[in-house]
Amino acid sequence: MRGAIRWVRTDLRAHRAQSAVTVAVIAGVVAALVLAVMLLEGALNPWQQLFNRTKGADVLVYLAGGTTAGQLRDLPGVTKVAAPYNAAPATLVQGAQKSPVQLDGMTPKLPAMSAPLVEAGTWLRASQPDGVVIEASFAAATGVGLGSRIVLDGVDGTTVRMRVIGIADTADQGFYPQWTPGLIWATHSLLAKVEPTRSETTEVVGLHLADPSAAGTAEVTQAVFNAYNGPSESSPVERVTTRQQVMDSMASDDRLLGELLGLFGIIALVAAPCAIANVASGRVLMQRRDLAMLKALGFTPGQVVRMLLAEQVALGVAGTALGLAAAWTATSAAFVRPAAGVGVTLAPLPAAQSALVAAGAILTAGIATAIPAWRAGRVSPVAAVQPSPPGGHLSPVARLSLLVRLPAPLVLGARDALTRRLPAALTVAGVAIPLAMITIALTVWSTIGSFTANPGRVGLAGALTVYANGPLTSAQTTALITADRQVSASYPGAQFDTLLPGDNGTFIARAMGSSHHPYPLQVVQGRMFASLEEAVAGQGFLNLMHVKVGSWIDPTIDGVPVILHIVGRTIEPDNNGDVVDFGLDALSAASASAPTFYSLVLKPGVDPAAARAALLAASGSRLNIQVASNPADRLGVVRVVIVVAVVILVLIAMANLLTATDVGLRDHVHEAGILKAMGLTPRQVMATLVVSTTIVTAIGIVAGVAAGLVVAPRLINAQGQASGMGWGIAATLSPASIAALLAAAVAGAVAAALFLSARAAHTQDPLLAARAPALSAPR
Amino acid sequence: MRQNPEPCPARETPALLRARGLAKAYKSGGGSVEAVRGVDLEVSVGEFVAIMGPSGSGKSTLLHVLGGLEPATRGEIWLRGKRVDGLSPSAWAVLRRKHVGFVFQFFNLLSTMTVADNVELPALLAGATPKQARKRREELLEELGIAAKAGAAPSRLSGGEQQRVALARALANEPSLLLADEPTGNLDSANTRDVLRLLRRTHAGGQTILMVTHDAKVACLADRVINLFDGMIADDAKVVPAPREKATVRNFLELRG
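Residues numbered from 1 in each chain as written. Chains lettered and ligands numbered in written order. Predicted model: local features only at pLDDT ≥ 70, side-chain atom pairs only at ≥ 80, totals over all residues. Heavy atoms only, no water.

**Q** Where do I start with the overall build of chain B in this structure?
**A** Scanning chain B for helices and strands turns up 8 helices and 11 strands. Here the contacts in chain B between residues at least 6 apart in sequence split such that 70% fall between residues at least 24 apart. Surface summary for chain B: the accessible area is close to 13,000 Å², and the carbon and sulfur share equals 51%. (Helix = DSSP H or I, 4+ residues; strand = E, 2+ residues; numbered from the N terminus. Contact = heavy atoms within 4.5 Å. Areas by Shrake-Rupley, 256 points an atom, 1.4 Å probe, with all protein chains shown as cover.)

**Q** I'm lost on the overall build of chain A in this one. Help?
**A** From N to C terminus, chain A includes 23 helices and 23 strands. Per-residue burial over chain A gives 53% buried out of 779 residues. The long-range fraction of contacts in chain A, counting pairs at least 24 apart against all pairs at least 6 apart in sequence, stands at 80%. Accessible area of chain A: about 33,200 Å², with a carbon and sulfur share of 62%. (Buried < 20%, exposed > 50% of the residue type's maximum accessible area, 1.4 Å probe, protein only.)

**Q** What is the right way to look at the environment of Thr 112 of chain B in this model?
**A** Position of Thr 112 of chain B among the secondary structure elements: in the loop between strand E7 (100-103) and helix H3 (115-126). Sequence-wise, Thr 112 of chain B and Ala 153 of chain B are 41 residues apart; in three dimensions their C-alpha atoms are separated by 7.8 Å.

**Q** Help me understand the sheet that holds strand E3 (residues 31-44) of chain B in this model?
**A** In sheet architecture, strand pairing relies on hydrogen bonds along the backbone and comes in two forms, parallel and antiparallel. All names here are of chain B. Ordered by their spatial adjacency, 4 strands build an open sheet running E3-E2-E5-E6, and the pairing between neighbours is antiparallel. Edge strands, defined here as strands with exactly one partner in the open sheet, are E3 and strand E6 (82-83). Of the pairings in the sheet, the one linking strand E5 (residues 74-79) to E6 comprises 2 bridges and is antiparallel in character. Note on E6: the bridge partner recorded for Trp 78 is Arg 83. The sheet strands contacting helix H1 (residues 59-66) are strand E2 (15-28), E3 and E5, and the helix crosses E2 at an angle near 120 degrees. (Pairing = 2+ DSSP bridges. Axes fitted to C-alpha atoms, helices over the stretch in contact; angles between N-to-C directions.)

**Q** I keep staring at the pattern of salt bridges and nothing clicks. Help me out?
**A** Two side chains bearing opposite charge may form a pair once their charged atoms approach each other closely. Summed over all chains, the structure comprises 19 salt bridges over all chains. We note a salt bridge from Arg 6 of chain A to Asp 117 of chain B, for which the minimum N-O separation is 2.7 Å. Taken together, the positions of Arg 6 of chain A in helix H1 (residues 2-14) and Asp 117 of chain B in helix H3 put the pair across two chains. Both residues of the pair, Arg 6 of chain A and Asp 117 of chain B, belong to the buried class. The salt bridge partner of Glu 174 of chain B is Arg 136 of chain B, with a shortest N-O separation of 3.9 Å. With Glu 174 of chain B in the loop between helix H5 (159-171) and strand E8 (177-181) and Arg 136 of chain B in helix H4 (residues 130-144), this residue pair connects regions lying 38 residues apart in the sequence. Connected through salt bridges with shared partners, the residues Arg 6 of chain A together with Asp 117, Glu 120 and Arg 137 of chain B form a single ionic network. (Salt bridge = Lys/Arg side-chain N within 4 Å of Asp/Glu carboxyl O.)

**Q** Which parts of the structure should I look at to understand the interface of chain A and chain B?
**A** How big an interface is tends to be stated in terms of the accessible area lost upon association of its parts. On the chain B side, the residues contacting the 27 residues of chain A number 29 residues. In total, chain A and chain B occlude about 2,500 Å² of area from one another, counting both sides; carbon and sulfur atoms represent 63% of this. Sorting the residues of chain A by area buried against chain B places Arg 2, Arg 6 and Leu 297 of chain A first, and these three jointly supply 26% of that buried surface. Counting across the interface, chain A meets chain B through 2 salt bridges. (Buried area = accessible area lost by both parts, 1.4 Å probe.)

**Q** Whenever I open this one, the pairing of E7 of chain B confuses me. Can you help?
**A** Each regular strand displays side chains that alternate between the two surfaces of the sheet. All names here are of chain B. Across the two faces of E7 the burial is the same, with Val 100 and Phe 102 and Gly 101 and Val 103 all buried. Looking at chain direction, E7 and E8 are connected through 4 bridges and run parallel. The partner of Phe 102 across the bridge, within E8, is Leu 179.

**Q** Explanation requested: helix H6 (residues 189-204) of chain B in the structure shown.
**A** Each α-helix winds once per 3.6 residues, and so residues spaced three or four apart point in a common direction. Residues and elements named next belong to chain B. The end-to-end C-alpha distance of H6, which contains 16 residues, comes to 22 Å, matching closely the 22 Å that a straight helix rising 1.5 Å per residue would cover. Every buried residue of H6 is listed here: Asn 191, Thr 192, Val 195, Leu 196, Leu 198, Leu 199, Thr 202 and His 203. All buried residues of H6 lie within an arc of 160 degrees about the axis, which places them on one face of the element. Facing away from the buried side of H6 by over 90 degrees, the exposed positions are Ser 189, Arg 193 and Ala 204. Packing partners of the buried residues in H6 comprise strand E4 (48-52), H4, H5, E8, strand E9 (208-212) and helix H7 (216-219). Remark: Gly 206 follows H6 within two positions and exhibits a positive phi of approximately 105 degrees. (Expected span 1.5 Å × (residues − 1). Arc of directions from axis to C-beta.)

**Q** Help me understand unusual backbone geometry in this model?
**A** Excluding glycine, most residues fall at negative phi; most peptide bonds, likewise, are trans. All names here are of chain B. The phi angle at Arg 80 is positive, at roughly 55 degrees, despite the residue not being glycine. Summarising the element assignment, Arg 80 is placed in the loop between E5 and E6. Residue class for Arg 80 comes out partly exposed when judged on its relative accessible area of 42%. Here the phi dihedral of Asn 108 falls at roughly 55 degrees; this positive angle occurs in a residue that is not glycine. The class for Asn 108 is buried, based on a relative accessible area of 11%.

**Q** I tried to follow the side chain of Arg 137 of chain B on my own but got confused; where do I start?
**A** Residues and elements named next belong to chain B. Positionally, Arg 137 belongs in helix H4. On the accessibility criterion, Arg 137 (12% relative accessible area) is buried. Among all residues touching Arg 137, those that are not within four sequence positions of it are Ala 116, Val 119, Glu 120 and Ala 150.

**Q** Would you explain the side chain of Thr 320 of chain A in this entry?
**A** The residue Thr 320 of chain A is located in helix H11 (residues 301-332) in this model. Contacts of Thr 320 of chain A, omitting those with residues within four sequence positions, involve Ile 26, Val 30, Ala 358, Ala 361 and Ile 362 of chain A.

**Q** Would you mind showing me how to read the nonpolar core here?
**A** The nonpolar side chains of soluble globular proteins are, as a tendency, buried together. Core analysis: the biggest nonpolar cluster contains 56 residues, and Phe 264, Leu 435, Val 444, Val 638, Ile 642 and Ile 701 of chain A have the highest contact counts within it. Those elements giving two or more residues to this core turn out to be helix H2 (16-41), helix H9 (255-286), helix H12 (351-377), helix H15 (421-453), helix H20 (636-678), helix H21 (682-723) and helix H22 (735-763) of chain A. Discounting chain neighbours no more than four positions away, the residues touching Ile 701 of chain A are Val 431, Leu 435, Leu 742, Ala 745, Val 746 and Ala 749 of chain A. Grouped together as the second largest cluster of nonpolar side chains are 51 residues, Val 284 of chain A together with Leu 16, Val 84 and Met 113 of chain B included. (Core = buried A, V, L, I, M, F, W, Y, C linked by side-chain atoms within 4.5 Å.)

**Q** For this particular structure, what's the right way to read a nonpolar patch on the surface?
**A** Residues and elements named next belong to chain A. Residues Trp 445, Val 643, Val 647 and Leu 651 make up a contiguous nonpolar surface patch of about 320 Å² in total accessible area. It is H20 that provides the largest number of residues to the nonpolar patch, a total of 3 residues. Tracing the backbone through its elements, the reader meets Leu 651 in helix H20. Relative accessible area serves as the criterion here: at 33%, Leu 651 is assigned to the partly exposed category. (Patch = residues over 30% accessible without salt bridge, like charges linked within 9 Å, V, L, I, M, F, W, Y side chains within 5 Å.)

**Q** Would you explain the packing of aromatic side chains in this entry?
**A** The description of an aromatic ring pair uses the distance of the two centres, along with the angle that the planes make with each other. Evaluated as defined, the whole model comprises 4 aromatic pairs over all chains. Aromatic pair Phe 507 of chain A and Phe 541 of chain A: ring centres 4.8 Å apart, planes at 65 degrees, arrangement edge-to-face. Remark: Phe 541 of chain A occurs in helix H17 (residues 539-545) and Phe 507 of chain A occurs in strand E14 (residues 506-512); sequence separation between them is 34 residues. The exposure class assigned to Phe 541 of chain A is buried, which follows from its relative accessible area of 0%. The aromatic ring of Phe 51 of chain A is capped on one face by Arg 243 of chain A, whose charged end is 4.8 Å from the ring centroid. Lying across the ring of Trp 78 of chain B, Arg 18 of chain B places its NZ or CZ 5.6 Å from the centre. (Phe/Tyr/Trp six-rings, centres within 6.5 Å; stacked < 30°, edge-to-face > 60°. Lys NZ or Arg CZ within 6 Å of the ring centre and 35° of its normal.)

**Q** Looking at this structure, how should I read the packing of H1 of chain A against H3 of chain B?
**A** The angle between the axes and the distance between the axes are what describe a pair of packed helices. At a minimum axis separation of 7 Å, H1 of chain A and H3 of chain B run at an interaxial angle of 150 degrees. Taken together, the axis directions place H1 of chain A and H3 of chain B in an arrangement best described as roughly antiparallel. Two secondary-structure elements touch here, H1 of chain A through Arg 2, Gly 3, Arg 6, Thr 10 and Arg 13 of chain A and H3 of chain B through Asp 117, Glu 120, Leu 121, Leu 124 and Leu 125 of chain B. Classifying every residue of the contact of H1 of chain A with H3 of chain B gives 3 nonpolar, 2 polar and 5 charged. (Parallel < 35°, antiparallel > 145°, perpendicular 65-115°, else oblique. Nonpolar A, V, L, I, M, F, W, Y, C, P; charged D, E, K, R; others polar.)

Printed below as a string of structure tokens:
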């Protein structure tokens, strides 16, 4: 045991670089997989922590002002009813920007249920009657900070000035602006100033349930409606929100991110054993004589096998620990922060899944080493001469090429390259797999780049959005827009959150442009809508409604039943693709379908921020203009992941390359002595060695890049489809990029071969080499 | 060097190593080739036996088989009174730890370990604590005159120094039997003298040595020389050094007589 430990220690020390690469590779794999699991599981959702710390309510009931809440206590399944508080709608006015606000009336003493978590400043104080506390994501979105003076407009036009004395988090609703209105807490007196009429306020009651699951909350929601004579125009129940809705809203709404990370994790999990196996086999081959000597000293075959396995498993454990630590650090350092910069500690790593990933990585390291270790156990204790590769005569092709006076090194090198089938195949695989994955990673990079460079491709042609809730009329707005020379087209639009049949979710029904002049969506299947009843939908919507292109649907949009024929599928980056698009004129005159926004397509080369500033100036700051968000912004972290993944893959490829070159040289270096004796100059000998090893690695490089080019678009599109954005998002690499990748890889291979052959060719004494091949350069 | 035609002395010394009808065959080309054919051999405790013969006579093969590096095709081997020829590779390995030390022509030091590690490894393998192993290593390197090189990598040592390290390694566990395969075959004359001196000293300390060599000057050192030819023992006789007598007229007259 001690002997084994000593040998493992010195072996690791002697191969520091290789061991470091193995540890780094495994760490990267583990970190990527754990992060992916966390994203996909929603473990990065801050909701749970917030809910626990604020003692959140399972269900929030919004009743018309003045309604008694006593009936709620008697509902089956309700264990606790919070003291109701009043809330009133208002508008936060900041120049032309108006944000909807729900003003909650609270006391300086924090409530028992749904107590906001103050992150900065203080809670409400009696000594500061005009002090208010604003919710953190709302504060970040509107740029309101601690100490700011804000103006709130009541429904009937009263203007109240307030001062922000605190910023808090709550689990009562999702983050602004995904969830509106924004929340501000104020004292009762301040609330009364904004909304004096009690009956115009809303009473908010929080409930604790015995069964807080989805089924339980659905039952209680129904019971609440029933208790107040069912959902109807006259019911005092304005709305009911459940903890599931809040949880879903707070989750990172980008499934694509989780899936991409998972993809990289799995890619790495496939590449890692390949690298480990390659390195391990290489080591065994190089150390045949040392292993034979170990057996002569008294190591049993079983001991040798166990020793090698233990060595690699130890590296696996080290890499796994490092990977878990990296994942933990990444999540605690605000890796996923909702728009607000909420200071909430994220949920701990899901222990079961992390353990599974860790076990998988360690097992992978062990399995990858198993076969090389077993072969090491079978090495004979007699340090025999390295068996020479199967020889044979020169093929007719080789003889012909020599006749034609092709350089001898080229011919001999080519002949030597594939003499050993299995090691050559392993080398090709060892180089091809990492390169295929590098190609995939670069294609993802190029796809994300295309989101920014060519937003029209993903349905984001409109760079600016003008909201029609400002002081200007639609006529004035349109005039201003058409007058601007940087705008090439403008599309009026309206957007509605529409209930799914069965009321288990919503999708976005979006009307942009008219049926005859539609917004330039990216239709990738079917065709664009061209008449009043036609529409196109995103993949997410098709999945949600279980329909295909060509189906008819009849949703109720904004209270109006509409019949639509889905004629095409678009790439839809928003809302996970749960969007259906049609012309503004499809909504009949029954509902006043005045546009609520205008989507502006700018002329090519115009910077959206500059155009926004220009329009703002032209309108005297009376237009509410926002720059459209691009999924590339949310996917920014994927770029970081890609860089890390490419670095790891390059390391793996280099390790495999060096091992393969080493092993290949070892086979042929004793021939080098003979060649020199025959009259080849050292340079020619080196050229022979370089050619023989480079041919195999070059085959691997080309195979890998080709495989990557074939697989990458399919993989990325599949991810797009699964996440709801849609098949068709992948942007393939340009021919220039492919050429650059191939050139760089082949250059690397040649460099490795040159470096290693130079040493081998010059340190060889031809006579010694011919007589005692076992003396070849000790490594 | 005169060969003594008299048989072994009557006093029975215990046989450390005994072989009966030993044979080893290799598969080669179409059929099999017997490198060792029916060898009978006995080595007593404390004896220094040299095995000589032309190349291809099976000397190294015999040594490998006696040390358990390769299994014998036929025959029996007894080491310290116990039958060992049928042992599995694992059992042989365990046996070698304590009882058999090897020295090779090409040194065969472990390349990834320093000199100190190389010499300590057998002791650790046999179950010594790191401290005991280190003490033993210091003793051995001191004795062999290479204590200064303890921390060096083997590839940085000269041939003679490497062979001394190999010798130290072989003696680390005080083995019953030291097997040396052409220990000076790869050394120049100065280093050869050094290594031979060390072997002689080791033998003087009571070590049983079985050495293969092609050099008669080296075989001089031994108590006994076995000559191998084509896999069989051609000659097995004790070595008695020529008596040093003064060159007197009497001897001269005897010769002429």
